[in-house]
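Secondary and tertiary structure notes
Residues per chain are reported as follows:
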Amino acid sequence: MSSTTNALVPPVRPEFEHAAIATGVVGDVERQLPLIERLAANTAVRRALVLVALCVVWELYARFLDNDLLFPTFSATVRAFWEALTVGPLLGRITTTLRVLIIGYACGVALAAVFTTFAVSTRVGTDLLATLTAMFNPLPAIALLPLAL
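Considering the overall build of the protein
Within the protein, the secondary structure is distributed over seven helices and zero strands. Ordered by position from the N terminus, the helices and strands of the protein form the series α-α-α-α-α-α-α. In the protein, buried positions account for 3% of the 149 residues. Counting contacts in the protein only where the partners sit at least 6 residues apart, residues at least 24 apart contribute 0% of the total.

Let's talk about the packing of aromatic side chains
The geometry of an aromatic ring pair comes down to the distance between the two centres and the angle between the two planes. For the coordinates displayed, the defined rule picks out two aromatic pairs. With a centroid separation of 5.1 Å and 65° between ring planes, the pair formed by W58 and F74 is classed as edge-to-face. Taken together, the positions of W58 in helix α3 (residues 43–65) and F74 in helix α4 (residues 74–86) put the pair 16 residues apart, joining distant regions of the chain. Looking at W58, the relative accessible area reads 30%, which means it is partly exposed.

Overview of the pattern of salt bridges
Working definition: two side chains of opposite charge can pair if their charged atoms are close together. Summed over all chains, the structure comprises one salt bridge. Residue R63 pairs with E59 through a salt bridge whose shortest N-O separation is 2.8 Å. Of this pair, R63 and E59 are both found in helix α3, four residues apart, which corresponds to roughly one turn of the helix. In this structure R63 comes out as exposed when scored by relative accessible area, which is 54%. Residue classification places E59 among the buried residues on the basis of a relative accessible area of 13%.

Structural notes on the side chain of T73
With respect to the secondary-structure elements, T73 resides in the loop between α3 and α4. Look at T73 and you get buried, because its relative accessible area is 10%. There is a polar contact of 3.3 Å between the side chain of T73 and the side chain of S75. Here A76 takes part through its backbone nitrogen, which lies 3.1 Å from a polar atom of the side chain of T73. Here T73 is in contact with W58, E59, A62, R63 and D68, once residues within four sequence places are set aside.

Topic: a nonpolar patch on the surface
On the surface, a cluster of nonpolar side chains totalling about 610 Å² of accessible area is made up of F118, V124, L128, L132, M135, F136 and L139. The element best represented in the nonpolar patch is helix α6 (residues 123–136), accounting for five residues. With respect to the helices, strands and loops of the structure, L132 is situated in helix α6.

Side note on the confidence of the model for the protein
Parts of the prediction with low pLDDT should not have their coordinates interpreted in detail. With 86% of its residues at a pLDDT of 70 or more, the protein has an overall mean of 85. No element of the protein has a lower mean pLDDT than helix α1 (residues 2–8), which averages 61, and none a higher one than α3, which averages 96.

A look at the packing of helix α5 (residues 90–121) against α6
Relative orientation of the contacting elements α5 and α6 amounts to 115°, with a least axis distance of 5 Å. Comparing their axes, α6 and α5 come out roughly perpendicular. In contact with F118, A119 and S121 of α5, α6 contributes R123, V124, G125, T126, L128 and L129. Of the residues that constitute the contact of α5 with α6, the class distribution is five nonpolar, three polar and one charged.

Conventions and cut-offs
Sequence positions are assigned chain by chain, starting from 1 and proceeding in written order. With pLDDT at 70 or above as the cut-off, local features in this predicted model cover only qualifying residues; side-chain atom pairs require 80 or more to be listed or tallied, and sums for whole chains, interfaces and linings still use all residues. The side-chain figures draw on all heavy atoms in the structure; neither hydrogens nor water molecules are used. Each helix is a run of H or I in the DSSP string that is no shorter than four residues. Each strand is a run of E no shorter than two, and both are numbered from the N terminus. Only protein chains enter the accessibility calculation, which uses a 1.4 Å probe; a residue whose area is less than 20% of its type maximum is buried, one above 50% is exposed, and one in between is partly exposed. Should any heavy atoms of two residues lie within 4.5 Å, those residues are counted as being in contact. Two aromatic rings from Phe, Tyr or Trp, using only the six-membered ring of Trp, form a pair when their centres are within 6.5 Å; if the ring planes differ by under 30 degrees the pair is stacked, by over 60 it is edge-to-face, and anything between is tilted. Here a salt bridge means any side-chain nitrogen of Lys or Arg lying within 4 Å of a carboxyl oxygen belonging to Asp or Glu. Polar contact is the term for a pair of N or O atoms within 3.5 Å; when the atoms are in protein, one must be able to donate a hydrogen and the other to accept it, and sequence-neighboring residues count only if both atoms are side-chain atoms. A patch consists of residues whose relative accessible area exceeds 30% and which take part in no salt bridge; residues with like charges are grouped when within 9 Å of each other, and nonpolar side chains (Val, Leu, Ile, Met, Phe, Trp, Tyr) when within 5 Å. Methods summary: accessible areas were calculated by the Shrake-Rupley approach with a probe of 1.4 Å, and residue burial reflects only the protein chains presented. One confidence number per residue, pLDDT, is output by the predictor and ranges from 0 to 100. Between the N-to-C directions of two axes lies an angle of 0 to 180 degrees, each axis being a line fitted to C-alpha atoms and, for a helix, fitted only over the stretch in contact. For classification purposes, an angle smaller than 35 degrees is called roughly parallel, one larger than 145 roughly antiparallel, one from 65 to 115 roughly perpendicular, and anything else oblique. We call Asp, Glu, Lys and Arg charged. Ala, Val, Leu, Ile, Met, Phe, Trp, Tyr, Cys and Pro are nonpolar, and the rest, Gly among them, are polar.

See below:
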C-alpha cells in the first residue's frame, strides 16, 4: 500500500526552490475599476459618445458652410423639431400615420388569416400558396417593398 502512495507523489528535485508565498503579498484578485474604465466598458456610454461626436461634427461642418438652406446646423434641426413637436402639426400627423399603419396592419392580418384558411382547407389554395411562395422566394426583400406598400 505504501508503494502506491509513493508512486503518486512526484520526486523532490533539489535544484528547484519552492518558497512559500504569504497570502497577503499576492495582491487583490478583485478590485473596483476607476470610473473612466467602467464607463469605457459600458456599451451604451460608448455609443452615446459616438452620437455626441457625430452631432459635434455636424454642427461644426454646418457652421463652416454657413448655409442653413443647404445644410442646417444640428442645433437648428433640434430647435425646429422641438417647435414642430410642441407647437406645430407634428403630433397630429404622427397620430394620423400611426392610425393608417394600424389599420393597414389589421387588414393584412385579416387577409392573411383568410388566405391561410383557404390555402389549408382547399387543394387550389394549397397550389396557389405553393406557386406564390416559389415565385416570391428568390426575390430580395427590397424588391417586395413596392408590393407591400
